[in-house]
Amino acid sequence: MANSWGIALLLSADGLILRSSIGFCRTLDITEAQCTGRPLAAFQDRFAVANWETAVANATGDGTCVQDLAIMDKAGRSRLLSLVLSLSGPFRDMPETFFAVAIPRGETCSEVNRIAQSAYTDALTGLFNRRYLEDCFDQFSGPATEAGERFSLFVIDVNDFKSVNDQLGHAAGDAVLREIGSAISRVLPLGSTAVRYGGDEFVAIVPDVPGQDSASLQGEIQSECGRSILIGNATLDMTVSIGKSVFPKHGTTLSELVDTADMRMYQDKRTRRNGGSALPREAARHRNWARYFRTAFSETDLLPHFQPIVDLSNGQTVGAESLCRVSMGQNVILPSEFIPAAEATNAISKVDLAMLTQTARMIAGSRPWFRERLQWSVNMSAQTLGLDNLADRLTAILHRFGLQAEDFCIELTESVELWDQTKALANLGRLRQAGFHLALDDFGTGFSSLSLVKDLPITKIKIDRSFVNGLDKCPRSRAVVQSIAALTQTLGITCVAEGVETRDQVAALRRFGIAQGQGFYWARPGAFQTLSHQESRIA
C-alpha cells in the first residue's frame, strides 16, 4: 500500500497543477518545475483520471470524490488506483483548489473518507503532515537507494515558541506557525518536501542537487523565517534552529535521520545562541539588531579593536587579533550584543567580510608605525566557511590594500558546527594554499578537539582562557595546558594562551613551553591607534 501513498497533488479547479509531491514526480520521472502550472491533462498518457470534470463537480458538491486512476511509471508498468479528490480545506490561502491523493483500490469507504479529510496535510499550515512523512518515507528512500543518491533531512524548530503561546495566546502561536511554514516552503528548492512534524517542529526533505550548498540553504531558511511577523499590535522577530542529517550517511530509516537531525538542531540552539525570546519586552534589543542587519548595516559601522599577541620568550609583540565592535554615535557595542542577531538573520558572513575589509584598511594606512612585521588575526564563522570561492574573496580584499595572505591568520571557533563539512574543509585547504595561517580558537572547550587538529590544516592552537585562569589553583588545568603544549610542539603548531592576566600565569606558561600569549596582562582590546603605543611599551 505504501508505494501509492506518496502521490499527491494540489490542483486548481480547471486542473492546473499547483503543487506536487516527490512521489508524483518520481513516478512520472519528471521534476516539479516540469509539472507546476501545467494542466493535469498534459500527463494523460501516464496519469489518466477517468473524468476530471465529473470528479471536480462531485467534489465541489459533496466535498469528496473517488475516481478511477491509471498510472504508468517510467518503466512502463501500469497500476490501477483510486484518486481521492477533496476540497482543499487545509489550504486556507487557496480556497478554489482541490487536493488529490492516490490510494490503492479496495480501500473501505471509511478509510477513503479519513484520507480525504486528513489529505496528508496539516490543517493549520497547509503543509504535509507527520503521517504523510511516516507513511510515504519509502517514496524518498527507495528511489534514492536504487539510484545510489543522497538526500538531506532538515529538522527546523521554532525558538521560544512556548512563550508566544503563554503570553500572547494560541491564536498568535498559530499565526507564527503559519508564517514559519510558509517561509520554509518559499526557500526550499524544487523537488523538496516540507512537513509540519508536530508542535513547533518542521521537517524538510531536500534531494541532493549538484552545486547546491546546504550551508547556504540553512542560512536562507534562517533568514526567511527571521522576517518580522505582525501579531495584533506586536511585532515578533522569530528565529529557528536547524539540524541536518543525510541519507544514507546518517541512517536509512526515518527515525534514524530525524534523531540525528534533532540532535544537531539542539546543538544549533546552544552554539548559535539564536534562541532568545521573541516577545517584545524580552527581545527588544534582539529585534532591533535583526532589523539593523536586514536594512541598515554598513561595513563602515564596524570598528575593529585590537589586542596584541606577545612572544613569551622575549615580550615582543608578534601579532594582534582584530575583534569586532559596532560603532553607534559615541557608543562602542560589544559583539555579545549583536552577533546572535547577525547569525539569526544570516548576516554574519557580511560582518566577517566587512571586518576583514576594515582591518585591512587600517593596517594598510599604518604599517610604518610598527618596527616588526606582525601577523593579524581575524575571526570567521561557520557560515562564512561555507561561502563559494572564499579564498579568492579574502585574497581579493587584501590585494585591494596591498596586503598579503601570509600576514593574516583566520581564527576558527572550535565550538562552531561546520555546516557543510566537505565544503568547509575544501575552503580551509584553499585558504592555506593561498598563504593564510589557520588558528583553532577556544581549544579544549568543544567535543572534537583532537579530531579537528587531525582533520584541519591548522597552523596555530589558542588555548581557551578557562584553562589559563585555573593555572594557579587547578591541577587539572595545569595538566591540560601542559598536554596541549606537548601536542603542539610534537605537531610543529604554534600555541597561544588566551586570557593571560598575571605574572604568575606568564611564568607558568613559559615553563610549559607555550610560545605566545594574549590577555589583559599586556593590554586590553583597544582602538587601532593605541596598538602602536602598546607594541612600543611591551617591547
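These notes cover the structure that comes with them. Nothing here was measured: the structure is a model prediction, and the numbers come from that model.

## As for the environment of Leu509
Reasoning step 1: Within the element layout of this structure, Leu509 appears in helix H20 (residues 503-512).
Reasoning step 2: Overall, the relative accessible area of 0% leaves Leu509 in the buried class.
Reasoning step 3: Spatially, the C-alpha atom of Leu509 lies 8.6 Å from that of Val468, the residues being 41 residues apart in sequence.
Reasoning step 4: Among residues more than four places away in sequence, those in contact with Leu509 are Leu312, Leu471, Val481, Ala497, Val500 and Ile514.

## Some details on the pairing of strand E10 (residues 201-207)
Reasoning step 1: Extensive coverage of E10 is indicated by the burial of 7 of its 7 residues.
Reasoning step 2: Burial along E10 is two-sided: Glu201, Val203, Ile205 and Pro207 and Phe202, Ala204 and Val206, pointing in opposite directions, are all buried.
Reasoning step 3: Both strand E8 (residues 151-158) and E10 contribute to a ladder of 7 bridges, which runs antiparallel. Note on E10: the bridge partner recorded for Ser152 is Val206.
Reasoning step 4: The pairing of strand E9 (residues 193-198) with E10 spans 5 bridges and is antiparallel.

## Details of the sheet that holds E9
Reasoning step 1: Strand order across the open sheet formed by 5 strands is E7-E9-E10-E8-E13, with mixed pairing between neighbours. The two strands at the open ends of the sheet, each matched to only one other strand, are strand E7 (128-129) and strand E13 (240-247).
Reasoning step 2: In the sheet, E8 pairs with E13 via 8 bridges, with the strands oriented antiparallel. Residue pairing in the sheet places Leu153 in a bridge with Ser245 of E13.

## Some points on helix H6 (residues 130-147)
Reasoning step 1: Over its 18 residues, H6 runs 26 Å from end to end, which matches the ideal 26 Å to within 8%, given 1.5 Å per residue.
Reasoning step 2: Those residues of H6 that fall on the buried side of the exposure criterion are Tyr132, Leu133, Cys136, Phe137, Gln139, Phe140, Ser141 and Ala144.
Reasoning step 3: Phi for Gly148, located one or two positions after H6, is positive at around 65°.

Rules and cut-offs
Residues numbered from 1 in each chain as written. Predicted model: local features only at pLDDT ≥ 70, side-chain atom pairs only at ≥ 80, totals over all residues. Heavy atoms only, no water. Helix = DSSP H or I, 4+ residues; strand = E, 2+ residues; numbered from the N terminus. Buried < 20%, exposed > 50% of the residue type's maximum accessible area, 1.4 Å probe, protein only. Contact = heavy atoms within 4.5 Å. Pairing = 2+ DSSP bridges. Expected span 1.5 Å × (residues − 1).

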